[in-house]
Amino acid sequence: MTEPKVGISGVSGGSAGLTWAKMCKECGQQHEGGPENHLYEYQDDVDDELVCHICLQPLLRPVDTPCGHTYCYECLSSFLKEQDFCPVDRQRLQLSQCRPSSLLVRNLLDKLTVVCPHRADCQQEMQRCQLQPHLQNRCPAFRKMREEAERRKRPSWNEQKGHRGEVELGADPKHPPSMTRTPTRGLLPDPGLINPAFDESEDETPLRSSLVAEANVVEIIREEQDEELGLRIVGGKDTPLGNIVIQEIVPDSLAGRDGRLAPGDHVLEVNDVSLASIPHGRAISVLRRPCPQLRLVVMQEKGFNPRHPPRPGLEHHPVTLVKRDRSEPLGIKLIRKSEETGVFILDLLAGGLAARDGKLRNNDKVLAINGQDLRHGTPESAAQTIQASEVRVNFVVMRQLEPQEEGVSGGEWQSRGVRRAPEPQYFRRQSSYIKDPPAGFSSQEKTVSLKKEPKLSLGITIAGGRDCRNRLPVYITSVQPVGCLHRDGTIMTGDVLLSINGVDLTQLTYNEAVSVLKAQTAQTQVVLKVLQTISEEPEDEREAALDDAEPVQKPRDDDWAPLWTRWLGLPSPIHWCRDIVLLKTNQESWGFSIVGGYEESNGQQPFFIKTIVPGTPAHFDGRLKCGDEIVAVNGATTVGMNNSSLIPMLKLQKNKVTLTVVSWPGSLV
């Protein structure tokens, strides 16, 4: 049995002399050996089978070697940087051969009893896995130190008003801003985040609290060290979004099967590397580093998030019922089941509102009503939520996937059971709104003129096209060494094709572009025009990126896709817009937050969607995504607007608003 691990210099039971800057926000103590060497005060002796053979302390992020020994991941990683053998039996060993320990071992470690390190003010005991949530949400000493640190760093009110030109929509001097975020690793809440999810009625009573977020730790184990997570990422220090935000979860991916991450989550750390103040490209490199286990610290909305992917064989359905008045019954019988927790629909009363609407079904499991988490709720609590609702009642229900009908194509089937049929002309038109890219992003045109043999290939592969999901322009995914363009050296991977021999390529579908390229390259003279996007990374950031660089496996040509930031530098004529019409009642809020507008330091910045709030019209509509750029509201361009002009425009739209947006796919990790 090993002795309980204690705090700094063997002194447990207090935080005297410990400052907020030096304190680890996960274990609540100061590390002498680096940010990964967490210190815990164990209540009982720990079994030797759960102790690392290197640090002789209870295992943290345990990994097993092929020869049958178990170590802390950080301990073994540090040891193998100097040696090439197992510390116990000295057999040859590489870190890539090791695998995360079994779920049983990790659960046993998580259940070890520890005490709060701030014993002078807090005498709580808990399981080890519960210490970080305790510190972030319940520990009075931790809260006091955090508030003092925030108070010292918080800018004056005048400085906050000028910070990035951000204001909170619906905010009033009588009411504090409703966006709250639990700081982690020194990250402060976003000051003045514009939040149309929070609105106020005529009597100045808040109708809906907006996002209430908390920091959570999500550990994901990879079977292969370079396996993709299946996340699309937007944001970064070099963009108006600031934070790294999950735009989308790829279905049936590693993250999709895990089910704990969701669109809109802010990724704060990856394996103890902070993403809070690094550019987009560096954050993607950190997320793509090969490793057997990823430990993500993410800011997530509390309670149920309807955007979490369902379990295999099941699907989520958002359903909105609109009553004639608040007192109209829905005509639904709700029950609980003995074999499963939660609320289920037993029956829809004939002639009732739900039966006439036809979207709810018998045996549907009710996951949420108006954003209220009911996964473990009761019929009584569901009924209270319905009775307290206005004329709109928003359900999220879960049901079994229906078998695919014979003769129905995959594309047709995917549109069934969704909340809306696909819109015709979903991306309706080429952009007619002229605006500048965000600060730090631009593009330059390049022209290549070649004389070649008619049968000689250009040696490029392409992707995109106006028929693809995001209606992207056609771009180059690889320049092959056998082609004539490789020898010239001007054309690069990621360049957007503009024209070939005077034939415009910017508005073509993928197949149309392939046909034109084949026809034109059969000629002896080829003039190719492309557009290269440029990101102006500051010199200090470039040097930091070189210092932090680690070898990452180079993707195959057929896997290559541009980073999200590559699209930001494209000029307006290359953009394609779509109109999204949102509907709501007078008492509801639109349900999204935005950043951007005029800034004194960067000039005019585009407006971007930063957050979409579950249980609101923007969420139930389902088309807006984090990272989408708003170029017009009800046909009026947002170019030249600041927050003080855009926010009233959004608030004045009582029941309907048309947002014209440009959507680029997030970077895939």
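Just so you know, these numbers come straight off a predicted model, no measurement behind them.

Engineer: Any details on the sheet that holds strand 4 (residues 99-100)? Residues and values, ideally.
Structural biologist: An order of 3-2-4 is seen for the three strands of this open sheet, with the pairing classed as antiparallel. Of all the strands in the sheet, the pair left with one neighbour each is strand 3 (70-72) and strand 4. In this structure, strand 2 (residues 62-64) lies alongside strand 4, joined through two bridges in antiparallel fashion. Across the sheet, the residue bridging to Val63 is Pro100, located in strand 4.

Engineer: Give me the lowdown on the UniProt feature "domain: RING-type" (unreviewed entry) in the protein chain, citing residues and values where you can.
Structural biologist: If you check UniProt for "domain: RING-type" (unreviewed entry), the listed places come out as residues 52-90 in our numbering. Segment residues 52-90 splits into 26% helix and 15% strand. End C-alpha atoms: 16 Å apart.

Engineer: How would you sum up the confidence of the model for the protein chain? Please name residues and give values.
Structural biologist: Predicted confidence across the protein chain gives a mean pLDDT of 76, with 75% of residues reaching 70 or more. For the protein chain, helix 10 (residues 410-414) is the element with the lowest average pLDDT, namely 33, and strand 8 (residues 231-235) is the one with the highest, namely 93. Across residues 539-557, where pLDDT falls below 50, the model places 20 contacts with residues more than four positions away in sequence or in other chains.

Engineer: Any details on the sheet that holds strand 1 (residues 41-42)? Residues and values, ideally.
Structural biologist: Pairing is antiparallel in the open sheet, where three strands are placed in the order 1-5-6. Across the chains shown, the open sheet's two edge strands, defined by having one partner strand only, are strand 1 and strand 6 (125-127).

Engineer: Report on the pattern of salt bridges, specifying residues and quantitative values.
Structural biologist: Once the charged atoms of two side chains with opposite charge are near each other, the side chains can pair. Scanning the model with the defined rule gives 14 salt bridges in all. Note that Glu380 and Arg336 form a salt bridge whose closest N and O atoms lie 3.0 Å from each other. Within this pair, whereas Glu380 is found in helix 9 (residues 379-387), its partner Arg336 is found in the loop between strand 14 (332-335) and strand 15 (343-348), the two being separated by 44 residues in sequence. Using a relative accessible area of 45% as the deciding quantity, one classes Glu380 as partly exposed. In this structure Arg336 comes out as partly exposed when scored by relative accessible area, which is 49%. Between Asp364 and Arg399 there is a salt bridge whose closest N-O contact spans 2.7 Å. Of this pair, Asp364 sits in the loop between helix 8 (353-357) and strand 16 (365-369) while Arg399 sits in strand 18 (residues 392-400); the two residues are 35 residues apart in sequence, bridging distant segments of the chain.

Calculation rules
- Residues numbered from 1 in each chain as written.
- Predicted model: local features only at pLDDT ≥ 70, side-chain atom pairs only at ≥ 80, totals over all residues.
- Heavy atoms only, no water.
- Pairing = 2+ DSSP bridges.
- Helix = DSSP H or I, 4+ residues; strand = E, 2+ residues; numbered from the N terminus.
- UniProt positions renumbered as here; feature names shortened; annotations may be inferred.
- pLDDT = per-residue confidence, 0-100.
- Contact = heavy atoms within 4.5 Å.
- Salt bridge = Lys/Arg side-chain N within 4 Å of Asp/Glu carboxyl O.
- Buried < 20%, exposed > 50% of the residue type's maximum accessible area, 1.4 Å probe, protein only.

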